[in-house]
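Working through the structure, step by step
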Amino acid sequence: MTEYPYVYRSSMREYFYAFLDYKTSVKQKTFHYAFLFKQFDTFLTHRKYEKTYIDKEIYNEWLEERVAKVSPRTVYTENSNMHVFLVYITKMGNECYIPPQRKQPEKTYIPHVFSHEEMNALFIAVDGLRLKNRCTRNDLHAVPALIRLLYSTGIRVGEALNLRNKDVDIKSRVIKLCKTKNWRERIAPINESLAGVLEEYLYYRSRIPVEGIGQPDGYFFCGAKGQKIPSNVVGFWFRTAVRDAGIPYYGRSDGGPNIHCLRHTACVHVLLKMVKSGQDPYCCLPTLSTFMGHSDVIHTEYYLHLTEELFPEIIQLERKISSGVNEVINSAFKGYGDEEC
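Residues numbered from 1 in each chain as written. Predicted model: local features only at pLDDT ≥ 70, side-chain atom pairs only at ≥ 80, totals over all residues. Heavy atoms only, no water.

1. Things to note about the pattern of salt bridges
What the rule picks out here adds up to nine salt bridges. Two residues, Arg47 and Glu61, come together in a salt bridge whose shortest N-O distance is 2.7 Å. Placement of the pair is Arg47 in the loop between helix H2 (31-46) and helix H3 (56-69) and Glu61 in helix H3, with a sequence separation of 14 residues. Residue class for Arg47 comes out partly exposed when judged on its relative accessible area of 37%. The class for Glu61 is partly exposed, based on a relative accessible area of 32%. Across the salt bridge formed by Arg186 and Glu159, the nearest N and O atoms sit 3.0 Å from each other. (Salt bridge = Lys/Arg side-chain N within 4 Å of Asp/Glu carboxyl O. Helix = DSSP H or I, 4+ residues; strand = E, 2+ residues; numbered from the N terminus. Buried < 20%, exposed > 50% of the residue type's maximum accessible area, 1.4 Å probe, protein only.)

As structure tokens, then:
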């Protein structure tokens, strides 16, 4: 029997469940739909809506309420997801109002990219974190190694916390990522310095008196009882380390920096290193896209513009790299123009 994260009570509940079952059958994530349906279900219940289809009036009333409560980007995302859902149940033979796609709002959020000096200060601060009270569910021992892994590999914090012992092969210098955002398995590299960090972490982890903590299916980053570490706990310790490192923290709603900024930082620093070694920035993008686990190189191109803004010297390096190519092209066109037709 399928387990659902929420219980729906409105007249549309059977369609909510059917859609979630469909998405699960094609191996697509359903939690964001389930959460959206819970909000919409509550709205319909409060309005005592008894129809088994969605008409234009009730949908626009719900959308107007959402516009007043959430950000434009959230409205855009929710409207897009509802569009998919309503198209689905219409194809099932239940005619519904299909909302038009809204224009995607401009992206205003700029992630914080840590400088190399800030990263060094952050590592020192992470190593200096201490518990103020005794706690049987202590997760702090894993945080220093986890932070270094996120920066070194650029993987998402959720992907790191889902790692099992069998997924991390320090000897072969690879990490196998199975549960990823895009449902695609990929490999993340382990460099020499990270390998040393992970070996030291495993040495101390092995001293935790928990049976089976080193079993293949056990969580690689685990708490004092062998349990999976919650992402909000990692976020708390990260924000504490940021403040201890003297890095300005502006709050969650004002740009952080948050734990995901380590992924942005890793990508920008790798791109910067590749360009400084003489590689063309745009030729680096396919490799960098694979490294980051992006489904399309277009998503990676954003980091190129971000790098140029944060590191103006990149523009000068790019000109030096491309100058030789431009000379060859100009010379070829000049020779072509001199030929007799």
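2. Some remarks on the nonpolar core
Counting residues in each nonpolar core, the largest one holds 44 residues, and the members touching the most others are Leu198, Phe221 and Leu262. Sorting the residues of this core by element identifies helix H5 (116-127), helix H6 (143-153), helix H7 (157-161), strand S2 (174-177), helix H8 (192-205), helix H9 (231-244) and helix H10 (261-276) as the ones contributing at least two each. A total of seven residues in this core trace back to one element, the largest contributor, which is H6. The contacts of Leu262, once residues within four sequence positions are left out, are Phe114, Met119, Leu122, Ile147, Leu150, Tyr151 and Phe238. (Core = buried A, V, L, I, M, F, W, Y, C linked by side-chain atoms within 4.5 Å. Contact = heavy atoms within 4.5 Å.)

3. A short note on the packing of H6 against H10
Packed helices, taken two at a time, are described by the angle between their axes plus the distance between the axes. Relative to each other, H6 and H10 sit at 40°, their axes nearing to 7 Å. The angle between H6 and H10 falls in the class oblique. Where H6 abuts H10, its residues Ile147, Leu150 and Tyr151 lie against Leu262, Thr265, Ala266 and His269. The class makeup of the residues in the contact of H6 with H10 is five nonpolar, two polar and no charged. (Axes fitted to C-alpha atoms, helices over the stretch in contact; angles between N-to-C directions. Parallel < 35°, antiparallel > 145°, perpendicular 65-115°, else oblique. Nonpolar A, V, L, I, M, F, W, Y, C, P; charged D, E, K, R; others polar.)

4. Some words on unusual backbone geometry
Positioned with a positive phi, Lys27 is a non-glycine residue whose angle comes to about 60°. Summarising the element assignment, Lys27 is placed in the loop between helix H1 (13-25) and H2. Overall, Lys27 belongs to the exposed group, its relative accessible area being 62%. Of note, Lys48 is a non-glycine position whose phi angle comes to about 55°, a positive value. The exposed category is assigned to Lys48, whose relative accessible area is 71%.

5. Topic: the packing of H3 against helix H4 (residues 72-91)
As a packed pair, H3 and H4 sit with axes 10 Å apart at the nearest point and diverge in direction by 160°. Taken together, H3 and H4 sit at an angle that is classed as roughly antiparallel. Classified by chirality, the crossing of H4 by H3 is right-handed. Where H3 abuts H4, its residues Tyr59, Trp62, Leu63, Arg66 and Val67 lie against Val75, Glu78, Asn79, Met82 and Leu86. (Left-handed = near helix turned anticlockwise from the far one by under 90°.)

6. Comments concerning the side chain of His269
Relative to the assigned elements, His269 resides in helix H10. Look at His269 and you get buried, because its relative accessible area is 7%. Once residues within four sequence positions are removed from consideration, His269 is found in contact with Val113, Phe114, Ser115, His116, Met119 and Tyr151.

7. Some details on the pairing of S2
Side-chain alternation along S2 places Ile175 and Leu177 on a buried face and Val174 and Lys176 on a face that remains uncovered. Taken together, the two bridges between strand S1 (residues 168-169) and S2 define a ladder with antiparallel strand orientation. For Asp169, the partnering residue across the bridge sits in S2 and is Val174. Two successive antiparallel strands, S1 and S2, enclose a turn made up of four residues, where Arg173 displays a positive phi of approximately 65°. Across four bridges, the pairing between S2 and strand S3 (residues 186-189) is antiparallel. (Pairing = 2+ DSSP bridges.)

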